[in-house]
Amino acid sequence: MFSWLKREKATEEVVENVLGELKKIYKTKLLPLEEHYQFHDFHSPKLEDPDFDAKPMILLVGQYSTGKTTFIRYLLERDFPGIRIGPEPTTDRFIAVMYDEKEGIIPGNALVVDPKKQFRPLSKYGNAFLNRFQCSSVPSPVLNAISIIDTPGILSGEKQRVDRGYDFTGVLEWFAERVDRIILLFDAHKLDISDEFRRSIEALRGHDDKIRIVLNKADMIDHQQLMRVYGALMWSLGKVLQTPEVARVYIGSFWDQPLRFDVNRRLFEDEEQDLFRDLQSLPKNAALRKLNDLIKRARLAKVHAYIIAELRKDMPSMFGKDSKKKELIKNIGTVYDRLQKEHQISPGDFPDIKKMQEVLANQDFSKFHSLRPALLETVDRMLATDIARLMNLIPQEEQTLVSEPLVKGGAFDGVEDVISPFGYRKGEGIDAGFGEVDWICNRDRPRTDQIFETLNPVDGKISGAAAKSELIKSKLPNSVLSKIWKLSDYDSDGFLDMEEFALAMHLINVKMDGNELPNSLPDHLIPPSKRY
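Throughout, residues of each chain are indexed from 1 in the direction in which the sequence is written. Two thresholds apply to this predicted model, a pLDDT of at least 70 for residue-level local features and 80 or more for giving and counting side-chain atom pairs, whereas whole-chain, interface and lining totals are computed over all residues. Heavy atoms from the whole structure form the basis of all side-chain values; hydrogens and water molecules are not counted.

1. Some words on the nonpolar core
- For our purposes a nonpolar core is just a set of buried Ala, Val, Leu, Ile, Met, Phe, Trp, Tyr and Cys residues, chained together by side-chain atoms within 4.5 Å. Remark: exposure states derive from per-residue accessible area (1.4 Å probe, protein chains only) relative to the maximum for the residue type, with buried under 20%, exposed over 50%, and partly exposed in between. Ranked by internal contacts, the top residues of the largest apolar core, which has 49 residues, are Phe 94, Phe 119, Leu 122, Phe 133, Phe 175, Phe 186 and Leu 215.
- When neighbours within four sequence positions are excluded, Phe 186 is seen to be in contact with Thr 66, Leu 191, Ile 193, Phe 197, Ile 213, Val 214, Leu 215, Asn 216, Leu 233 and Leu 237.
- Counting 45 residues, the second-largest nonpolar core is a separate cluster that includes Leu 311, Ile 332, Phe 368 and Met 382. Residue contacts are defined here by distance: any two heavy atoms, one from each residue, within 4.5 Å place the two residues in contact.

2. Some thoughts on the sheet that holds strand β8 (residues 249–251)
- Should DSSP find at least two bridges between two strands, the strands are regarded as paired. Comment: elements are numbered from the N terminus, with helices defined as DSSP H or I runs of at least four residues and strands as E runs of at least two. Strand order in the open sheet formed by eight strands is β3-β4-β2-β5-β1-β6-β7-β8, and the pairing between neighbours is mixed. Each of the sheet's edge strands pairs with one partner strand only, and the pair in question is β3 (104–107) and β8. Going across the sheet, the axis of each strand differs from the next one's by a mean of 25 degrees, ignoring polarity.
- Two strands pair when backbone bridges link them, and β3 and strand β4 (residues 133–138) are joined in this way by four bridges, in the antiparallel orientation. Residue pairing in the sheet places Pro 107 in a bridge with Gln 134 of β4.
- To get an axis, fit a line to the C-alpha atoms, keeping to the stretch in contact for a helix; angles then go from 0 to 180 degrees between the N-to-C directions. Against the sheet, helix α8 (residues 195–203) contacts β1 (57–62) and β6 (181–187), and its axis sits at roughly 160 degrees relative to β6.
- Helix α9 (residues 223–241) contacts β6, β7 (211–216) and β8 of the sheet and is inclined by roughly 150 degrees relative to β7.

3. Quick word on the packing of aromatic side chains
- Each aromatic pair joins two rings of Phe, Tyr and Trp (for Trp, the six-membered one) with centres within 6.5 Å, and gets the label stacked for planes under 30 degrees apart, edge-to-face for over 60, and tilted for any other angle. If you walk through the whole model with that rule in mind, you get 22 aromatic pairs.
- Aromatic pair Phe 129 and Phe 133: ring centres 5.2 Å apart, planes at 20 degrees, arrangement stacked.
- Relative to Phe 412, the ring of Phe 276 lies with its centre 5.0 Å away and its plane at 40 degrees, an arrangement referred to as tilted. Here Phe 276, found in helix α10 (residues 265–280), pairs with Phe 412, found in the loop between α16 (396–399) and α17 (445–454); they are 136 residues apart in sequence, far enough to count as distant.

4. Some points on α9
- Take the residue count of a helix, subtract one, and multiply by 1.5 Å to get its expected span. Between its first and last C-alpha, α9 extends 26 Å over 19 residues, near the 27 Å set by a 1.5 Å rise per residue.
- When we look at burial in α9, the residues that qualify are Leu 226, Val 229, Leu 233, Ser 236, Leu 237, Val 240 and Leu 241. The buried residues of α9 occupy an angular sector of 110 degrees when projected down its axis, which confines them to one face. Relative to its buried face, α9 has exposed residues pointing more than 90 degrees away, namely Gln 224, Arg 228 and Trp 235.
- In this structure, the buried residues of α9 make contact with β6, α8, β7, β8 and α10.
- What qualifies as a polar contact is a pair of N or O atoms within 3.5 Å, subject to a donor-acceptor requirement within protein and to the restriction that residues adjacent in sequence count only when both atoms come from side chains. For α9, the side-chain oxygen to backbone nitrogen distance between the N-cap and Gln 224 is 3.2 Å, and the N-cap itself is Asp 222. For this quantity, the arc is that covered by the directions from the helix axis to the C-beta atoms.

So this is what it looks like as structure tokens:
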């Protein structure tokens, strides 16, 4: 009894052990390499304990009026402090929506000095950003397991010319590195990708595995228009993301108002279920994601060390330092090529050339250190031994131990709704007839009984061969028909009586309508004469 509680506790202990080990490994083995070669000045600030301890985060990005804030409200099924919704740009700030017993707003300047929060490094973006950053605390059960980051609506047209006063794409990059999911929202009416939106999407590169696309407000257009819009979106994303495979696109209408065109209601329900299940998986996979991010960080830190050491080696000891520095920055691509051949480094592991040149221009090359093999060997051992050991602490079975979803409350309760008639696919497919007095297969009995009589039953039953001659008319694969036979032959005597044949024909219709078949027959489908 209560075994799922024990399994949940076991999983939490595994996660805590992994995160504790990750902190230790980072501080003792990777951090010395980062500090020696000024990694934090070039790429990413030093990781603190809150970076490891933080709940999974979801980052919402999109042009203004694509429904980002409404999407959060839909998930929580309630408002949050500071919420503003409208057709014009209403969210003009970054809002971290997080759990707290007391509802309220924490301004950005206070947020970045809180040692328990993971936002301290954001202070480097200055007051212009901090005045546009806040935490909205909400006692929502959804936020017990995840945190959500709402971002300012990305501008288009003439509005793009207004300077935000801070490094907007830099802030996006900082969040992208730390969040577990990045949801790009598009409005089915506004597929044009503005210059600022393009730059924002480019800032997310390198985190393709975290990106999910949501085509929102899809109920506002009919089926034919939706197909055109979907095709146009895929074409636009292919150009901007520049990846062989475009990220998963979820189509829906994430708000609590009536659908304008409900012809795609089933599609929207299916897509919502898929998206919510993906978000529900985040707490279980949090440790694995942080482990993966640390591996990526270690690879980048190694390459960075090679680059800095190579630049230090090429600098003159006395005269002509400034001219040599300019030459090295201009030809940094050549340095990359040389290191790639010398150390067999993948081209994809090198940092962006343009960004590297911009940071190098403000650095004193004379303070760069030469190569220290011992530091690199420590990181290599960390990747080969310590990381492999931690991977063994998070086997696949541990990730699926918890039988109850960790993200609960709000709209997520609908994913597991098996009580109300409005739960996902309730009364449809294999669930049709549940709770009804009459056996659902009786509705089609006049037709199926007539077919049964033409199959020459003996003692009220037909053989497998006789049943096969009728069932194959459905053109379903043999593997599916075999499953239908096993489910229908309830008494496992190798024959079908009139009720079992009616059941087989019903299961064929269920499958033909695009529904999945169960592994065992639900109680409400058991033939009445065989219910004991």
